[in-house]
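One-letter residues, chain by chain:
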Amino acid sequence: MTSIRQFQVTFDCADPERVARFWCEVLGYVVPPPPKGFADWGEFDRSLPAERQGSAFACVDPSGVGPRLFFQRVPEGKAGKNRLHLDIRVGTGLFGDERVAALEAECARLVALGASPVQLLRADGFNESCLAMRDVEGNEFCLD
């Protein structure tokens, strides 16, 4: 039996390139090179049938450690809370006011990119503080 070691995280969205580029900025990811024979992703996209143009985009961790993120256009809008979300680890090893300050500083950077803060969840004796947010299309994620 083989053990799976790599995985991809897929986002359903309305505008794959916009959401992918947001997450590139959040995580320090990059857009991979276009397929062989294409100068850029725009050229590749224009080669697709009209109904498939703009339907997908991806980004990757330049170090090769993190999972590939794939963004696919779907016809329906976001209807409810995500059942899965990303925790962006910006406060690891920090506690109390120092942790909250790190979360708030990263929140300010991400708001400038189009994210929205939802709620600061303060430490409760079991969990450390985290900050719930939404990306450019309303998908939930946490600064942790």
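Note: the structure precedes this text.
Here goes a summary of the coordinates provided. (Residues numbered from 1 in each chain as written. Predicted model: local features only at pLDDT ≥ 70, side-chain atom pairs only at ≥ 80, totals over all residues. Heavy atoms only, no water.)

### As for the nonpolar core
Working step 1: With 24 residues, the main nonpolar core has Trp 23, Leu 69, Phe 71, Met 133, Phe 141 and Leu 143 as its most contacted residues.
Working step 2: Examining the composition of this core, we find that six residues originate from one element, helix H1 (residues 16-27), more than from any other. (Core = buried A, V, L, I, M, F, W, Y, C linked by side-chain atoms within 4.5 Å. Buried < 20%, exposed > 50% of the residue type's maximum accessible area, 1.4 Å probe, protein only. Helix = DSSP H or I, 4+ residues; strand = E, 2+ residues; numbered from the N terminus.)

### So, the sheet that holds strand E3 (residues 68-73)
Working step 1: Spatial strand order, E1-E3-E2: three strands in an open sheet with mixed pairing. Both outer strands of the open sheet, strand E1 (8-13) and strand E2 (56-59), are each paired with one neighbouring strand and no more. Taken over all neighbouring pairs, the strand axes of this sheet differ in orientation by 20° on average, direction set aside.
Working step 2: With four bridges connecting them, E2 and E3 associate as antiparallel partners. By the bridge assignment for E3, Ala 58 is matched with Phe 70.
Working step 3: Of the strands in this sheet, E1, E2 and E3 touch H1, which is tilted by about 155° from E3. (Pairing = 2+ DSSP bridges. Axes fitted to C-alpha atoms, helices over the stretch in contact; angles between N-to-C directions. Contact = heavy atoms within 4.5 Å.)

### Here we look at the environment of Ser 47
Working step 1: By the element assignment, Ser 47 lies in the loop between helix H2 (41-46) and E2.
Working step 2: Each C-alpha atom of the pair Ser 47 and Pro 33 lies 16 Å from the other, and the pair is 14 residues apart in sequence.
Working step 3: A distance of 2.5 Å separates a polar atom in the side chain of Ser 47 from the backbone oxygen of Phe 44. (Polar contact = N/O pair within 3.5 Å; in protein donor to acceptor, adjacent residues only side chain to side chain.)

These figures capture arrangement, not role.
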